[in-house]
Amino acid sequence: MKSVAGIGCLLVLAATAGCSSPDGGSDATAPAEQGAPPPTATGYAPYVNASSADPNDTAGSPDVYNLAFVISSGKGCTPSWHGVQAIDDKAVTARIRKLTASGAEVRVSFGGADGKELATTCGSAKELAQAYGKALDAAGAQRADFDIEGDELTDPDSVALRSEAIALLQKERPGLEVTYTVPVMPSGLDKDTVALLHSANDHGVQVGTVNIMTMNYGESFDGDMGDYAVTAAKAAHKQLRGIFELPEAKAWRGMALTSMIGVNDVKGETFTLEDAEQVRAFAERRGIAWVSMWSTFRDRQCDGSADDELTECSGVEQKDGAFGRALAGRTAKN
């Protein structure tokens, strides 16, 4: 058992937040397994474009919006939206005000698949923490998402620097909720992702949720995407219990699920509306913290005019906003 000072526990986003006891406590069996409802409802938090509004942003009445993405501007440790837009851009801040007018919150997502993640361009943990803080302040956010994938996931130097910076940031901002968004396979998290989460532990990061991207498995995985998402979640859940020393229910509550809606750029991967309903139902049964999708600006049927179907529409037959409503549990039959 690690010392309390060395554990960055996976925080439960409910009244029972905190580290597990050494023996797992009396709540080692998830409420869903006992037939009782989860302690807190599963939220819906889609990824949205931070600078451009879309009519489907509000489909499903999100609880939280994940604002994508803050990365390096290309000038050292300067944070920017998409690498091109100033962090305090008036158009972005005005958009955030509109998104939160309904009472929803925002989570700033750092990283993503493109551009330079700040941990690879900043020279010190203090400088990196300041860059993250500037972005959070500009958005008025108390939630931070770190989407780590690709080369950044396999770079031990940036992994360690990021962990140190996030720990510093949380000391300065005690209420800051931190999410790690990471790739997953139906077999679970790979060794690099496990190492990333152990690094967070070793540096004392308080992780609110681990958001697994249930997508991009490879062309050999051409079966049902809803089933794969459930299988991946179950495998990752076992790993999270071990990494963060958590009882079963709290490990579920420390998980989030993000799907690529519709047709993916990986051949054979199509996530349908039925898959979305399946994932939502599974998340509710297990008491998972929240579900998400990439992304609101794809939540529409293609009409033949899109320049790139993978970024502008889903590629499947649907009504506008249908995936948002399904993942939020607000379909017509509900």
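No experiment lies behind these values; they were computed from the predicted model shown.

Visitor: What is the right way to read the packing of aromatic side chains from this model?
Guide: Two aromatic rings are characterised by how far apart their centres lie and by the angle between their planes. Per the stated rule, a full pass over the model turns up 13 aromatic pairs. Between Phe-69 and Trp-294, the aromatic rings sit 5.6 Å apart at their centres with planes inclined by 15 degrees, giving stacked as the arrangement. With Phe-69 in strand S3 (residues 64-72) and Trp-294 in strand S13 (residues 290-294), this pair connects stretches of sequence that are 225 residues apart. Given the relative accessible area of 15%, Phe-69 is considered buried. On the basis of relative accessible area, Trp-294 is assigned to the partly exposed category, the value being 23%. With 5.2 Å between their ring centres and 15 degrees between their planes, Phe-110 and Phe-146 make a pair best called stacked. Here Phe-146 lies in strand S7 (residues 143-147) and Phe-110 lies in strand S6 (residues 105-111), a separation of 36 residues in the sequence. For the pair shown, Phe-110 and Phe-146 are each scored as buried. What links up through ring pairs into an aromatic cluster is the set Tyr-47, Phe-69, Trp-294 and Phe-297. Directly above the ring of Trp-290 sits Arg-107, whose terminal nitrogen or CZ lies 4.3 Å from the centroid.

Visitor: Help me understand the environment of Arg-253 in this model?
Guide: Positionally, Arg-253 belongs in helix H7 (residues 248-253). A polar contact is formed between the side chain of Arg-253 and the backbone oxygen of Gly-287, at a distance of 3.1 Å.

Visitor: Just to check I follow, could you spell out the pairing of S6 for this structure?
Guide: In regular strands, side chains alternate between the two faces of the sheet. In terms of burial, S6 is largely enclosed, as 6 of its 7 residues are buried. As paired elements, S3 and S6 share 5 bridges and run parallel to each other. By the bridge assignment for S6, Val-70 is matched with Phe-110. Sheet topology note: the S6/S7 ladder contains 4 bridges and is parallel. The residue bridging Val-108 from the neighbouring strand is Ala-144, located in S7. Assessed by its sense of winding, the connection that carries the chain from S6 through helix H3 (residues 125-139) to S7 is right-handed.

Parameters at a glance
- Residues numbered from 1 in each chain as written.
- Predicted model: local features only at pLDDT ≥ 70, side-chain atom pairs only at ≥ 80, totals over all residues.
- Heavy atoms only, no water.
- Phe/Tyr/Trp six-rings, centres within 6.5 Å; stacked < 30°, edge-to-face > 60°.
- Helix = DSSP H or I, 4+ residues; strand = E, 2+ residues; numbered from the N terminus.
- Buried < 20%, exposed > 50% of the residue type's maximum accessible area, 1.4 Å probe, protein only.
- Lys NZ or Arg CZ within 6 Å of the ring centre and 35° of its normal.
- Polar contact = N/O pair within 3.5 Å; in protein donor to acceptor, adjacent residues only side chain to side chain.
- Pairing = 2+ DSSP bridges.
- Right-handed = clockwise from strand over helix to strand, strands pointing away.

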